[in-house]
Amino acid sequence: MKNPENTTTIAMKRTQIFLILILFFGAIFRLWGLGKIPEGFHADEAAFGYNAYSLLKTGKDEYGKPMPLILRSFDDYKGAVYSYLTVPFVASFGLNEFSVRLPTSIAGTLIVLVSAVMTFALTQNILLSLVTATIVSFAPSSLLLSRVQSDPLVAVLFMLVGWYCIEKYVDSKKHIWAVCGLGFWIMSCFTYASPRILLLGFVPLLFWYYLPKLDKKMKLVLAAIFVSILLATIYLMFGSSGSRFGQVNIFSSQDVMLSLNEQIREDGVAGSTIVSTRMYHNKIVDYGRYIIHNYATYFGFDFLFFQAYQPEREKIPNTGFMYFIDLPFLLIGLYQIIKLKKRWGYFILGWFFFTPLTLAVFGQETPNIHRYYFSILPGSMVVAFGIIQCIKFTHKNIRLFVILGIIVMYGLNILFFTHELFVHQPLHAPYYRGFAYKEMVRSLPNIYQNYDKIVITKTNSSPYIYLLFYMGYNPKRYQELGSPRDYDYTGFDKYIFVPLDCPNVKYRKTIDEQYPNNRVLYINKGGCATMTDSKLIQRIVWRDGSEAFQFVENVSTESAKNTPIP
């Protein structure tokens, strides 16, 4: 007879081997060519990287604030946690794209592990845990966000680890686990903005799920955790770090108010009564409609399976949040979970359908893969459950062919995604990312000594952060200069930043008056007309071949100073 203990040991070893393989190949997909793909380096990535460099060298952020919890960046405020996580990698590998993106890749791999652990904790189903981990590991949104600097992804890791700690607390009743869970959740709030809203719904959902296991004392502890998160959210939302939320929430957006005012005006023209107008056209109705619309967009076919558009800088052509092949299994999984009436299934569906409701209050860049990434685990669990149920109800004579067919279909979807990522992404709308800025900054050291002033257009993005990042500009020196940024017509060192496409024309007279006898290099936006008195030094192009920047030196002639643009 077979020894049950030996059988269990063998099964566990096989499970561990499969999980290690999933993590290994997932890590390979995340780490290979990390510094180059996706091509281009967004200004936020450069900002987190340079602040990590500044913290490493001076113990202060770019504005000279010692050991901040919140980073001021582009006059926006972001959680500082990601920069702290980046410090050891910058110290080890230098200030470059690889070191800035590496914390995200590690976090993305750890999310796969946590997904497997928590799926098993919920279901006690090893097969479902492994399939879920595989879906999470190779989902297009997971692979993409794991290959860029993504504080939202790191925040999701903290949220999931916090849930793991609460799971341990419920099982062991040791309060240290509750403290750890709260600690990770608070850390997620200081990493990215969305958890501050998401946790206010997720914690009560967890409370409902664990309710049969909770005694009176544990209920009070979870209630205290919820209150702590609520207070942290209020503090972060109404402090300086809440400025971003103030910019993107629907109540700050003009979309609703402009439409509402237009409808009221049309009612007036049509001769409607005031009572009728107020009944049909008011803030409750219009904001309610807008929230419902935002909520529905997260379940739209385009966003989930065809093309996730927001944010533009993370857009991969022809790629949704999930793969096309996920769709039938998502529907099967939803049906089977409802049919079986499992408590864990209701919890997962509550999580899956609740998340977009909290995100619906954001009015800009919606639907957004960064904000929605918290749904990656419940969504993947539903898909994985659908796959398993589909195979389970297949006749045993063709079951192997069905399994192979599913593997092949997922393989083809992954190949298509990698083609879009490696071939099309660098060429498709490249101006949303900073590829040309890197080339611009790299060109400056060769000619820096030839000029007294360098005037740079800032109409594309914020050029100052790329200068700081790619030059490894001394943070202490930058702070001593007052952290001047790139406000209009100001700058630092030799650099002056102007909100003009073609500063060699529109700003030349002012420069000549302020800095007479100085040799000046003008960096124009691409597409500026070549003047008869201008000398084109160099062109910088985007990866699609369109012109990004022109390096121009003007001929100093009095008659040419006011020459109009042709």
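In this report, the structure presented in the accompanying data block is examined.

Procedures and definitions
- Residues numbered from 1 in each chain as written.
- Predicted model: local features only at pLDDT ≥ 70, side-chain atom pairs only at ≥ 80, totals over all residues.
- Heavy atoms only, no water.
- Helix = DSSP H or I, 4+ residues; strand = E, 2+ residues; numbered from the N terminus.
- Rg over C-alpha atoms; globule rule 2.2 N^0.38 Å.
- Buried < 20%, exposed > 50% of the residue type's maximum accessible area, 1.4 Å probe, protein only.
- Contact = heavy atoms within 4.5 Å.
- Areas by Shrake-Rupley, 256 points an atom, 1.4 Å probe, with all protein chains shown as cover.
- Pairing = 2+ DSSP bridges.
- Axes fitted to C-alpha atoms, helices over the stretch in contact; angles between N-to-C directions.
- Expected span 1.5 Å × (residues − 1).
- Polar contact = N/O pair within 3.5 Å; in protein donor to acceptor, adjacent residues only side chain to side chain.
- Core = buried A, V, L, I, M, F, W, Y, C linked by side-chain atoms within 4.5 Å.
- Disulfide = S-S within 2.5 Å.
- Phe/Tyr/Trp six-rings, centres within 6.5 Å; stacked < 30°, edge-to-face > 60°.
- Lys NZ or Arg CZ within 6 Å of the ring centre and 35° of its normal.
- Salt bridge = Lys/Arg side-chain N within 4 Å of Asp/Glu carboxyl O.
- Parallel < 35°, antiparallel > 145°, perpendicular 65-115°, else oblique.
- Left-handed = near helix turned anticlockwise from the far one by under 90°.
- Nonpolar A, V, L, I, M, F, W, Y, C, P; charged D, E, K, R; others polar.

Considerations on the overall build of the protein
Then, number 1: Tallying secondary structure elements over the protein gives 25 helices and eight strands in all.
Then, number 2: What you see for the protein is a C-alpha radius of gyration of 27 Å, in line with the 24 Å of a compact globule of 566 residues.
Then, number 3: Relative to its 566 residues, the protein shows a buried fraction of 53%.
Then, number 4: Across the protein, every contact between residues at least 6 apart in sequence was considered, and the portion connecting residues at least 24 apart equals 72%.
Then, number 5: Total accessible area computed for the protein in this model is approximately 25,800 Å², and 63% of it derives from carbon and sulfur atoms.

Focus: the sheet that holds strand β4 (residues 490–492)
Then, number 1: Strand order in this open sheet of six strands is β4-β5-β3-β6-β8-β7, and the pairing throughout is mixed. Two strands in the sheet have a free side with no partner beyond their single neighbour: β4 and β7 (534–541). Direction aside, the axes of adjacent strands within the sheet are offset by 20° on average.
Then, number 2: Bridge count for strand β3 (residues 453–457) against strand β6 (residues 520–525) is four bridges, and the pairing is parallel. Counted as the bridge partner of Lys453 is Val520 from β6.
Then, number 3: Its contacts with the sheet place helix α22 (residues 463–471) against β3, β4 and β5 (495–498), and it is angled at close to 150° to β5.

A few points about helix α20 (residues 399–424)
An α-helical segment advances 3.6 residues per turn. Residues three or four places apart therefore align on the same side.
Then, number 1: Counted at 1.5 Å a residue, the expected span for α20 with its 26 residues is 38 Å, and the 37 Å between its end C-alpha atoms agrees.
Then, number 2: Within α20, the full set of buried residues consists of Ile406, Tyr410, Asn413, Ile414, Phe417, Thr418, Glu420 and Leu421.

Considering the side chain of Thr104
Then, number 1: Within the secondary structure, Thr104 sits in helix α4 (residues 97–123).
Then, number 2: At 3.0 Å, the side chain of Thr104 forms a polar contact with the backbone nitrogen of Ser150.
Then, number 3: Apart from the residues within four sequence positions on either side, Thr104 is in contact with Tyr82, Leu145, Ser146, Val148, Gln149, Ser150, Leu153 and Val154.

Overview of the nonpolar core
Then, number 1: If you look at the biggest cluster of nonpolar residues, it comprises 101 residues, and the most contacted ones within it are Trp163, Trp185, Phe347 and Trp351.
Then, number 2: The contacts of Trp351, once residues within four sequence positions are left out, are Leu160, Trp163, Phe202, Leu205, Phe374, Leu377 and Pro378.
Then, number 3: Core analysis: the second largest hydrophobic core is formed by 42 residues, Ala43, Val441, Phe497 and Ala548 among them.

Here's the deal with the environment of Gly64
Then, number 1: Looking at the secondary structure, you find Gly64 in the loop between α2 (43–58) and β1 (70–73).
Then, number 2: Sequence separation between Gly64 and Gly268 is 204 residues; the distance between their C-alpha atoms is 55 Å.
Then, number 3: Setting aside residues no more than four positions away along its own chain, Gly64 makes contact with Gln479 and Ser483.

So, the environment of Tyr280
Then, number 1: Among the secondary structure elements, Tyr280 is positioned in helix α13 (residues 274–280).
Then, number 2: Given the relative accessible area of 52%, Tyr280 is considered exposed.
Then, number 3: For Tyr280 and Gly379, which are 99 residues apart along the polypeptide, the C-alpha to C-alpha distance reads 37 Å.
Then, number 4: Apart from the residues within four sequence positions on either side, Tyr280 is in contact with Val285 and Asp286.

Comments concerning α2
Then, number 1: A rise of 1.5 Å per residue sets the reference length of α2, with its 16 residues, at 22 Å; its end C-alpha atoms lie 22 Å apart and thus fit the reference within 8%.
Then, number 2: The element α2 is extensively covered by neighbouring structure, given that 13 of its 16 residues are classed as buried.
Then, number 3: Directly beyond the C-terminal end of α2, a positive phi value near 75° is found at Gly59.

Brief notes about the state of the cysteines
Then, number 1: Tallied over the full model, the rule gives one disulfide.
Then, number 2: A sulfur-sulfur distance of 2.1 Å marks the disulfide that ties Cys502 to Cys528. Disulfide Cys502-Cys528: torsion about the S-S bond near -95°, hence left-handed. A residue pair is termed long-range when its members are at least 10 positions apart, and Cys502 in the loop between β5 and α24 (503–506) and Cys528 in the loop between β6 and β7 qualify at 26 residues.
Then, number 3: Looking at Cys528, the relative accessible area reads 8%, which means it is buried.
Then, number 4: Left without a disulfide partner, Cys165 is nearest to the cysteine sulfur of Cys180, which lies 5.1 Å away.

What about the packing of aromatic side chains?
Where two aromatic rings form a pair, the distance of their centres and the angle of their planes describe that pair.
Then, number 1: The tally for this structure, following the rule as stated, stands at 46 aromatic pairs.
Then, number 2: On the numbers, 5.3 Å between centres and 85° between planes, the contact of Trp163 with Trp351 is edge-to-face. Of this pair, Trp163 sits in helix α7 (residues 151–172) while Trp351 is found in helix α17 (residues 343–359), placing the two residues 188 residues apart along the sequence.
Then, number 3: What makes Trp163 buried here is its relative accessible area of 0%.
Then, number 4: Consider the rings of Tyr295 and Phe299, whose centres lie 5.3 Å apart with planes at 65°: the pair is edge-to-face.
Then, number 5: A relative accessible area of 25% places Phe299 in the partly exposed class.
Then, number 6: Of the aromatic side chains, those joined through ring pairs into one cluster are Tyr50, Tyr53, Tyr448, Tyr473, Tyr478, Phe492, Tyr495 and Phe497.
Then, number 7: Stacked on the ring of Tyr63, the Lys or Arg Arg72 has its end atom at 4.0 Å from the ring centre.

What to know about the pattern of salt bridges
Between side chains of opposite charge, pairing is possible as soon as their charged atoms come close.
Then, number 1: For the coordinates displayed, the defined rule picks out 13 salt bridges.
Then, number 2: The residue Arg543 makes a salt bridge to Glu39 at a minimum N-O spacing of 2.8 Å. Taken together, the residues span a long stretch of sequence, with Arg543 in the loop between β7 and β8 (547–554) and Glu39 in the loop between α1 (4–31) and α2 at a distance of 504 residues.
Then, number 3: Within the structure, one salt-bridge network assembled from shared partners comprises Asp44, Lys78, Arg313 and Glu314.

Thoughts on the packing of helix α8 (residues 175–189) against helix α9 (residues 195–210)
Then, number 1: Contact geometry for α8 and α9: axes closest at 9 Å, N-to-C directions at 150°. Put simply, α8 runs roughly antiparallel to α9. Crossing of α8 over α9 shows right-handed handedness. Where α8 abuts α9, its residues Trp185, Ser188 and Cys189 lie against Pro195, Arg196, Leu199, Phe202, Val203 and Leu206.
Then, number 2: Residues of the contact of α8 with α9, tallied by class, amount to seven nonpolar, one polar and one charged.

Here's the deal with the environment of Tyr515
Then, number 1: With respect to the secondary-structure elements, Tyr515 resides in the loop between α25 (508–514) and β6.
Then, number 2: With near-sequence residues (within four places) excluded, Tyr515 lies in contact with Lys453 and Ile496.

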